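# Coordinate inspection notes
Listed below, chain by chain, are the residues.
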Amino acid sequence: MTTTTAEDQIRDTVAKNDVVLFMKGTKAMPQCGFSSRVAGVLNFMGVEYADVNVLADAEIRQGIKDFSDWPTIPQLYVKGEFVGGCDIVTEMTLSGELDQLFEAKGVTYDKAAADKIREANA
Ligand SMILES: N[C@@H](CCC(=O)N[C@@H](CS)C(=O)NCC(=O)O)C(=O)O
Ligand code: FES
């Protein structure tokens, strides 16, 4: 008999999707401002990503914190690597580091949209 743990599910999800956002709510209907901000950036930048609603599963909600050793939600993963939460993703968007990461990892995104976010926050 095999059992699927939250950790197995998390590993599988980040292995199968280039970009994954563990968040509260969904990309279409975020349930917290921090999750909403990161989903909003990814949506605006036209990034294809899987959204995992931690509010739907208490074991995933805890499991993702153990997986990354990071205490909060949202959590962004690119090509299996933990990138950060809301503060880090916001800073990386404004500094252009997120663009660099997507380019280095071969993730398609709309550079003009990223520039617009930076112009609006300059
Ligand atoms: N400073 C954090 C803000 C995120 C945050 O504080 N999240 C809290 C409230 S949504 C959280 O996940 N708490 C643990 C939990 O709700 O399981 C970031 O940059 O992502
Ligand atoms: S759910 Fe209250 S701050 Fe995120």
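Parameters at a glance
- Residues numbered from 1 in each chain as written.
- Chains lettered and ligands numbered in written order.
- Predicted model: local features only at pLDDT ≥ 70, side-chain atom pairs only at ≥ 80, totals over all residues.
- Heavy atoms only, no water.
- Helix = DSSP H or I, 4+ residues; strand = E, 2+ residues; numbered from the N terminus.
- Rg over C-alpha atoms; globule rule 2.2 N^0.38 Å.
- Buried < 20%, exposed > 50% of the residue type's maximum accessible area, 1.4 Å probe, protein only.
- Areas by Shrake-Rupley, 256 points an atom, 1.4 Å probe, with all protein chains shown as cover.
- Lys, Arg positive; Asp, Glu negative; His and termini not counted.
- Charge placed at Lys NZ, Arg CZ, Asp CG, Glu CD.
- Polar contact = N/O pair within 3.5 Å; in protein donor to acceptor, adjacent residues only side chain to side chain.
- Contact = heavy atoms within 4.5 Å.
- UniProt positions renumbered as here; feature names shortened; annotations may be inferred.
- Pairing = 2+ DSSP bridges.
- Right-handed = clockwise from strand over helix to strand, strands pointing away.

Once that is clear, we can look at the overall build of the protein chain. Summing up its helical and strand segments, the protein chain has 6 helices and 4 strands in all. Its helices and strands taken in sequence order, the protein chain reads α-β-α-β-α-β-β-α-α-α from the N to the C terminus. What you see for the protein chain is a C-alpha radius of gyration of 14 Å, in line with the 14 Å of a compact globule of 122 residues. Along the first, second and third principal axes, the C-alpha atoms of the protein chain reach 55 × 30 × 25 Å. Looking at the protein chain residue by residue over its 122 residues, the buried ones come to 40%. Surface accessibility of the protein chain: about 6,900 Å² in total, with carbon and sulfur atoms responsible for 49%. Here the protein chain contributes 12 positively and 19 negatively charged side chains, and the mean placements of these two sets differ by 3 Å.

The next point concerns the side chain of Ser68. Counting through the fold element by element, Ser68 comes out in helix 3 (residues 58–68). Looking at Ser68, its side chain comes within polar contact range of the main-chain nitrogen of Trp70, at 3.3 Å. Setting aside chain neighbours within four positions, we find Ser68 in contact with Gln75, Tyr77 and Phe82.

In this section: the UniProt feature "binding site: [2Fe-2S] cluster" (unreviewed entry) in the protein chain. In the numbering used here, UniProt assigns the "binding site: [2Fe-2S] cluster" (unreviewed entry) feature to Cys32. Looking at the secondary structure, you find Cys32 in the loop between strand 1 (19–23) and helix 2 (33–44).

On to the pairing of strand 1, then. The buried count for strand 1 comes to 5 of 5 residues, which makes it a mostly enclosed element. Of the two faces of strand 1, the one lined by Val19, Leu21 and Met23 and the one lined by Val20 and Phe22 are each fully buried. Inspection of the sheet shows strand 1 paired to strand 3 (residues 75–78) by 4 bridges, in the antiparallel sense. Note that in strand 3 the partner of Val19 across the bridge is Val78. Bridging between strand 1 and strand 2 (residues 50–53) involves 4 bridges; their strand directions are parallel. Note that in strand 2 the partner of Val20 across the bridge is Ala50. Of the crossover connections in this fold, the one passing from strand 1 over helix 2 to the parallel strand 2 is right-handed.

Another aspect to go through is unusual backbone geometry. Residue Pro74 is reached from Ile73 by a cis peptide bond, and omega for that bond is 10°. Looking at where Pro74 falls in the secondary structure, it is placed in the loop between helix 3 and strand 3. Positive phi outside glycine occurs at Asp69, with the angle close to 60°. Structurally, Asp69 can be placed in the loop between helix 3 and strand 3. Positioned with a positive phi, Lys79 is a non-glycine residue whose angle comes to about 50°. As for its position among the elements, Lys79 is in the loop between strand 3 and strand 4 (81–84).

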